[in-house]
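# Working through the structure, step by step
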Amino acid sequence: MKKTLATLIFIPLFLLTGCEDKYSKEWFIKNHDEMIAKYTECLLDHSWSEQICQNAKNAMKQERGQPDVEKGRKAAFDALDKQIARQKVPDLNNF
C-alpha cells in the first residue's frame, strides 16, 4: 500500500519536472521552429510574465543573427502589426 501511494505521488512529480525542462531556454535554442512559434504566441498574447515565454524570448536573444531566427522574428512582428491594424481605434471626437 505504501509503495503504491509513493508511486502515485512521485510519478506525477517526475513527469511535471520533465515537462518544465522540455521548454527551457536551452531546449528552445536547440528547437528553433518551436522557439519562434512560442515567441510569436507570447508576443501576440502579451504574456511575457509566463516562464515559458521568458525562456523563448531569452533563447531568441541568444540566437539573434541566425537566418531562420531573424526570419521568424520578422514574421512575428509582421503578425503583431496585422493584429494592431485590425484593432478598432476609438473615436475620441464623440465623447
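Look a little higher up for the structure.
Criteria and thresholds
Residues numbered from 1 in each chain as written. Predicted model: local features only at pLDDT ≥ 70, side-chain atom pairs only at ≥ 80, totals over all residues. Heavy atoms only, no water. Helix = DSSP H or I, 4+ residues; strand = E, 2+ residues; numbered from the N terminus. Buried < 20%, exposed > 50% of the residue type's maximum accessible area, 1.4 Å probe, protein only. Polar contact = N/O pair within 3.5 Å; in protein donor to acceptor, adjacent residues only side chain to side chain. Contact = heavy atoms within 4.5 Å. Salt bridge = Lys/Arg side-chain N within 4 Å of Asp/Glu carboxyl O. Core = buried A, V, L, I, M, F, W, Y, C linked by side-chain atoms within 4.5 Å. Axes fitted to C-alpha atoms, helices over the stretch in contact; angles between N-to-C directions. Parallel < 35°, antiparallel > 145°, perpendicular 65-115°, else oblique. Left-handed = near helix turned anticlockwise from the far one by under 90°. Nonpolar A, V, L, I, M, F, W, Y, C, P; charged D, E, K, R; others polar.

### Notes on unusual backbone geometry
Within the chain, H46 stands out as a residue other than glycine whose phi angle is a positive 55°. Here H46 is to be found in the loop between α3 (32-45) and α4 (51-62). Under the relative-accessibility criterion, H46 is labelled exposed at 59%.

### Examining the side chain of H32
The topology assignment puts H32 in helix α3. Side-chain polar atoms of H32 contact the backbone oxygen of I29, separated by 3.1 Å. Here the side chain of H32 touches D68 through a polar contact of 2.7 Å, side chain to side chain. Setting aside residues up to four positions removed in sequence, H32 forms contacts with E63, Q66, D68 and V69.

### Remarks on the pattern of salt bridges
This structure, assessed with the given rule, holds 2 salt bridges. With a closest N to O distance of 3.1 Å, K38 and E41 form a salt bridge. With K38 and E41 both in helix α3 and 3 residues apart, this pair spans about one turn of that helix. Looking at K38, the relative accessible area reads 16%, which means it is buried. Between K74 and D78 there is a salt bridge, with its nearest N and O atoms 3.1 Å apart.

### Here's the deal with the nonpolar core
Core analysis: the largest hydrophobic core is formed by 12 residues, namely F28, I29, M35, I36, Y39, L43, A56, A59, M60, V69, A76 and L80. Within the residue set of this core, elements represented by two or more residues are α2 (25-30), α3, α4 and α5 (67-86). A total of 4 residues in this core trace back to one element, the largest contributor, which is α3. Look past the residues within four positions of I36 in its chain and what remains in contact with it is M60, D68, V69 and G72.

### So, the packing of α3 against α4
At a minimum axis distance of 9 Å, the contact between α3 and α4 shows a crossing angle of 120°. Between α3 and α4, the angle falls in the class oblique. Judged by the twist between their axes, the crossing of α3 over α4 is left-handed. Contacts between α3 and α4 involve M35, I36, K38, Y39 and C42 on the former and, on the latter, I52, C53, A56, K57, A59 and M60. Partitioned by chemical class, the residues of the contact of α3 with α4 number 9 nonpolar, no polar and 2 charged.

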